[in-house]
Structure formats: structure tokens, C-alpha cells
Amino acid sequence: MDTKELLKKVRKIEIKTRRLSDHIFGGEYHSTFKGRGMTFSEVRQYQFGDDVRSIDWNVTARYNEPFVKVFEEERELTMMLMVDVSGSEMFGTTNQFKKEIITEISATLAFSAMQNNDKAGLILFSDEVELFIPPKKGKSHVLRIIRELLEFKPKSNKTDISEALKFLSSVMKKKAIVFVLSDFIADDYEKTLKIAGNKHDLTGIRVYDEREETIPNLGMVQMKDAETGTVQLVNTQSKSVRLTYGKYHREKVDYFTDTFKKSGCGTLSCRVDESYVKKLLGYFKRRG
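Keep in mind the model is a prediction, meaning the values are calculated, not measured. (Residues numbered from 1 in each chain as written. Predicted model: local features only at pLDDT ≥ 70, side-chain atom pairs only at ≥ 80, totals over all residues. Heavy atoms only, no water.)

1. Here we look at the overall build of the protein chain
Thought 1: The helix and strand inventory of the protein chain stands at eight helices and ten strands.
Thought 2: Put simply, the protein chain has 288 residues, and 46% of those count as buried.
Thought 3: In the protein chain, the proportion of contacts linking residues at least 24 apart, taken out of those at least 6 apart, comes to 75%.
Thought 4: Working note: accessible area of the protein chain is about 15,600 Å², and carbon and sulfur atoms make up 50% of it. (Helix = DSSP H or I, 4+ residues; strand = E, 2+ residues; numbered from the N terminus. Buried < 20%, exposed > 50% of the residue type's maximum accessible area, 1.4 Å probe, protein only. Contact = heavy atoms within 4.5 Å. Areas by Shrake-Rupley, 256 points an atom, 1.4 Å probe, with all protein chains shown as cover.)

Below, the structure is given as C-alpha cells:
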């Protein structure tokens, strides 16, 4: 992708997702993810209805009338986007690949963080951590994140969610809001998710294609595994083949929802042909 084309794509995503984060997600994001605590702001005269526990006795004694301490929410947070860049993300049977939807959701979340003056960072992973952009504030930083999401070419096509979560725990010492975006066609990440979930406010966003749930009867079909590259002939006329395929997918989805729930983490599933706007808003509202 040449620079001109890349900038055009970044701009297109910025216009679409910035509008969403400005008008819709800014407020929802703010109310869903509270700051670290309360910080002292000022002292003012006591008003009827104020909590007596907030009276500043030193100032009250000095002026011989009651004054209260006013606290504000300490808002600044850090958001980390953990994005699966393995081969299976380049799958799509409708007009969009999973990767494109993941990029749009990530951009919307990054702009929402920017709206609230929070830092945003990025981890791109396959079966290894491919790229780490430390959290920072500002529009130019968010645009850099979008550029990487659009342009990055991974070294590996495989997936290891556990490896990515281990890396997160090692680089993020303070509590962060973490979104893991993947199709979650993986398992064996229960232990590392529990550790990360205890420390961070973590949400798994599963992006999938309807053809991953069920396989249609198309006769003999040549299929390629996007992660291993192996090609094989599959008889989709066989009912048992279709049932096995559906069972395999359900097992992965069940593992995803059960593991995240057990670890106290949130989950959200979005099909590529569904509105991720509605899904995100619904999730924020449920949590708010």
C-alpha cells in the first residue's frame, strides 16, 4: 500500500469512527470506565444537603463557619488494544473481512479514549507479540495506531492469545482498560487471562463470520487453513462433516465465553455483517 493510499484509508476510517466516538461513545465510554478514584479539588462553603463527613474542620475553625472539601473524579486512564493479526482474521464471506471490522472497532475505541483525555496503546499479536506501541495521548498517536492496524504485515499466521496476555501483564504495571479483539478460534489461555483479568478491566471482543458457524452443502470443496496454510478437499455434502465443523466452532465459542466469565472479564460478540455500533453501545450501557 503506497503512502497516498494509506493516508486516504486512515482518513476514511478517522472520519467514520471519529464521528461515532464524538457523538455516541464519548459519554458512554466515560460513564462505563470510571477514573482511578477521587482527587481533592477545592474548599467551598457548606450548603444544605452536603455530606457532613466532607467538612474541612481546619478551614471551618479559621473562618468560624462550615466549609467542605470538594473532590473530583481522577479521570485519566490507560486503554490498551490487543489485536489478533493472525491469518484467520483475513477471512470474510460478506463484503468485509474480520480484520476490517476489528480495525474500525479499535479506531472507535481509541478515539473514545482520546475524547476523555486518556492514553491509548496497541499490542498486535499472532503466536508472538508482533508490535507494541506504548500508551500515549493525542490525535497523532491515535492516527499512528490506525496506520499500524491497516498496514502491518505479521511475521506469523498462527495465534497464541496466552502469549499476548503474558506480555500485557509484563508491560502494564498499573490497571488499564484492555480490549482483546480476535475471532478467538484458540484455546489454552485460561491461566493467563485470570492473571490479567485480576489486574485489568478486560473485555474480549469476538469478531466472526457466519460461515465459521455453519458450513453449507456445496459438494467437494478445497479448503485452506489460513493459519497453517494446509489445503485439503472437504466433502460438504456429508452431514457428519458439517456437524463436526459446527461442533468445533461451538466449542471454541463456549471456551471463550466461559473462560472470560470465570476470569471476571466482559465479552462481546459481533458478526462481520452486524452493526458493531449497536453491539458496543449495548455493552457500554449494560456495564455503565
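From this point, the narrative continues.
2. Considerations on the packing of helix H5 (residues 161-171) against helix H6 (residues 190-199)
Thought 1: Between H5 and H6, the least distance of the axes is 9 Å, while the angle of their chain directions is 35°. Crossing handedness for the pair H5 and H6: left-handed. Listed contacts from H6 to Ser-162, Leu-165, Lys-166, Leu-168 and Ser-169 of H5 are Thr-192, Leu-193, Ile-195, Ala-196 and Lys-199.
Thought 2: Its residues assigned to classes, the contact of H5 with H6 comprises five nonpolar, three polar and two charged. (Axes fitted to C-alpha atoms, helices over the stretch in contact; angles between N-to-C directions. Left-handed = near helix turned anticlockwise from the far one by under 90°. Nonpolar A, V, L, I, M, F, W, Y, C, P; charged D, E, K, R; others polar.)

3. A look at the sheet that holds strand S3 (residues 78-84)
Thought 1: Taken in spatial order, the six strands of this open sheet run S5-S4-S3-S6-S7-S10, and their pairing is mixed. Edge positions in the sheet fall to strand S5 (129-136) and strand S10 (266-271), since each of these pairs with one other strand and no more. Going across the sheet, the axis of each strand differs from the next one's by a mean of 15°, ignoring polarity.
Thought 2: Sheet topology places strand S6 (residues 177-182) next to strand S7 (residues 201-208); six bridges connect them, and they run parallel. Bridge pairing in S7 places Val-180 opposite Gly-204.
Thought 3: Taken strand by strand, helix H3 (residues 98-115) contacts S3, strand S4 (119-125), S6 and S7, and its axis lies near 175° from that of S3. (Pairing = 2+ DSSP bridges.)

4. Some words on the pattern of salt bridges
Thought 1: Following the criterion strictly, the structure yields twelve salt bridges and no others.
Thought 2: With its nearest N and O atoms 3.6 Å apart, the salt bridge here joins Lys-262 to Glu-190. Of the two residues, Lys-262 is situated in helix H7 (residues 239-262) and Glu-190 in helix H6; the sequence distance between them amounts to 72 residues.
Thought 3: Look at Glu-190 and you get partly exposed, because its relative accessible area is 34%.
Thought 4: Put simply, Arg-271 and Asp-273 hold a salt bridge, and the shortest N to O gap is 2.7 Å.
Thought 5: Residue classification places Arg-271 among the partly exposed residues on the basis of a relative accessible area of 23%. (Salt bridge = Lys/Arg side-chain N within 4 Å of Asp/Glu carboxyl O.)

5. Describing the pairing of S3
Thought 1: With seven of its seven residues buried, S3 lies for the most part within the structure.
Thought 2: Here S3 shows a buried face lined by Thr-78, Met-80, Met-82 and Asp-84 and a second buried face lined by Met-79, Leu-81 and Val-83.
Thought 3: As paired strands, S3 and S4 are joined by seven bridges and run parallel to one another. The residue of S4 that forms the bridge with Met-79 is Ala-120.
Thought 4: When S3 meets S6, the two strands line up parallel, connected through five bridges. Directly across from Met-82, in S6, lies its bridge partner Val-180.

6. A word on helix H4 (residues 139-151)
Thought 1: The terminal C-alpha atoms of H4, which comprises 13 residues, lie 18 Å apart, in line with the 18 Å expected from a rise of 1.5 Å per residue.
Thought 2: Three or more residues of H4 are buried, namely His-141, Val-142, Leu-143, Ile-145, Ile-146, Glu-148, Leu-149 and Leu-150. (Expected span 1.5 Å × (residues − 1).)

7. Focus: the packing of H6 against H7
Thought 1: Running from amino to carboxyl end, H6 crosses H7 at an angle of 40°, the nearest separation of the two axes being 9 Å. It follows from the interaxial angle that H6 and H7 lie oblique. When you trace H6 past H7, the crossing you get is right-handed. Within the contact between the two elements, H6 uses Glu-190, Leu-193 and Lys-194 and H7 uses Tyr-255, Thr-259, Phe-260 and Lys-262.
Thought 2: Grouping the amino acids of the contact of H6 with H7 by side-chain chemistry returns three nonpolar, one polar and three charged. (Parallel < 35°, antiparallel > 145°, perpendicular 65-115°, else oblique.)

8. Quick look at the packing of aromatic side chains
For any pair of aromatic rings, geometry is given as the distance between the ring centres together with the angle between the planes.
Thought 1: Counted according to the given criterion, the structure contains nine aromatic pairs.
Thought 2: Ring centres of Tyr-189 and Phe-260 lie 6.3 Å apart, and the angle between their planes is 70°; this geometry places the pair in the edge-to-face category. In this pair, Tyr-189 sits in the loop between S6 and H6 while Phe-260 sits in helix H7, placing the two residues 71 residues apart along the sequence. The pair Tyr-189 / Phe-260 is uniform in exposure class, with both members buried.
Thought 3: With a centroid separation of 6.4 Å and 45° between ring planes, the pair formed by Tyr-283 and Phe-284 is classed as tilted. Each member of the pair, Tyr-283 as well as Phe-284, is classed as buried.
Thought 4: The cationic tip of Arg-206 hangs over the ring face of Tyr-208; the distance from NZ or CZ to the ring centre is 4.1 Å. (Phe/Tyr/Trp six-rings, centres within 6.5 Å; stacked < 30°, edge-to-face > 60°. Lys NZ or Arg CZ within 6 Å of the ring centre and 35° of its normal.)

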